[in-house]
Structures are given as C-alpha cells and as structure tokens.
Amino acid sequence: MSLEVLLIPLGIAAVAAIKQARSSDLCEKCKATRITDQKLLEESLLALGATKVQASNGRITARTVHGPVTFQRVGEIFLGRVDKAPHKTDAMLQDLNAATGTILQYRTVQAVREQATAMGMTLIEERADDGTVQLVFEQGR
C-alpha cells in the first residue's frame, strides 16, 4: 500500500474538519450525546415531555422542563445544550440518556419477544425496581 493512499483521505478529512470548525452554525457550548439517530433523539425528547420539537438539517430545537434546548449533528453524533441556562445542560443530558435507554430497552424486548414467538417459545418479562429487565424463555407447550 502506498503512502498516498493513506494521506489523501486524511487530507480530505482534515479540510472538512477545518471547514466545520469555522462554521458559524455550530452549536456553541454544546456537549456530546451518545445519540446518532435523529428520530431516536426526537422520540427521546418527546418522552421527556418536550414540546415544540422542530428538526431541520441535522439541527433540533425543543422546549423542555430544563428550558429551550438545541441539538446539532456533528459528524456521527448529536451535540446538545440548554440554550439560556448552559449550567443545566448536564442534568438535561442525563435525563435524555435515561429516556433514550428506556426506549432502546423497550425496542430490544419487543424484538426478542417476536423472535421467541417465532421459535415457539414464550417470553416472560420481569422488571426490577431499578428498571432492569430480566427475560425468561419458556418452551411452548
């Protein structure tokens, strides 16, 4: 493999990063989330009770109990902040992560339930007080 094959993509990526860093449209004082899917982010905000959720071009705004929030896609993830109270951003992101976890857990249990049914098994779901789920498979009769 030649060195040029490695340097050209690195150069292209560096130029793109510099252009993005100079953009005035970036989300200032935003913090990284682990969310990569825009629809999941919107669903998580709605689960938190957010209102006036608006999305366009990788940017999402909404009103939450923490205040107005802004999220911006940067690369593969979304960055977010509480607009008029940046000191509340950490608490908002913690609540958002919890809501996202609950949504993903529900989706996973549903997928496992469908797969168990297809295999002729019954899925018994037990929830603990801390929110964890234990799944028990029972052979169909």
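Look up: the structure comes first, before these words.
1. Topic: the pattern of salt bridges
Enumeration over the complete set of coordinates arrives at four salt bridges. The partner of Asp90 in a salt bridge is Lys31, with the nearest N and O atoms 2.8 Å apart. With Asp90 in helix H3 (residues 89–118) and Lys31 in strand E1 (residues 31–32), the pair connects residues that are 59 residues apart, well separated along the chain. With a relative accessible area of 45%, Asp90 lands in the partly exposed category.

2. A closer look at the sheet that holds strand E5 (residues 77–82)
Ordered in space as E1-E5-E4-E3-E2, the five strands form an open sheet in which the pairing is antiparallel. The sheet is open, and its two edges are formed by E1 and strand E2 (51–56), each paired on a single side. Pairing geometry for strand E4 (residues 67–74) and E5, over six bridges, is antiparallel. Residue pairing in the sheet places Phe71 in a bridge with Gly80 of E5. Packed onto the sheet, helix H2 (residues 38–47) meets E2, strand E3 (59–64), E4 and E5 and runs at close to 5° relative to E3. Its contacts with the sheet place H3 against E1, E4 and E5, and it is angled at close to 130° to E5.

Calculation criteria
- Residues numbered from 1 in each chain as written.
- Predicted model: local features only at pLDDT ≥ 70, side-chain atom pairs only at ≥ 80, totals over all residues.
- Heavy atoms only, no water.
- Salt bridge = Lys/Arg side-chain N within 4 Å of Asp/Glu carboxyl O.
- Helix = DSSP H or I, 4+ residues; strand = E, 2+ residues; numbered from the N terminus.
- Buried < 20%, exposed > 50% of the residue type's maximum accessible area, 1.4 Å probe, protein only.
- Pairing = 2+ DSSP bridges.
- Contact = heavy atoms within 4.5 Å.
- Axes fitted to C-alpha atoms, helices over the stretch in contact; angles between N-to-C directions.

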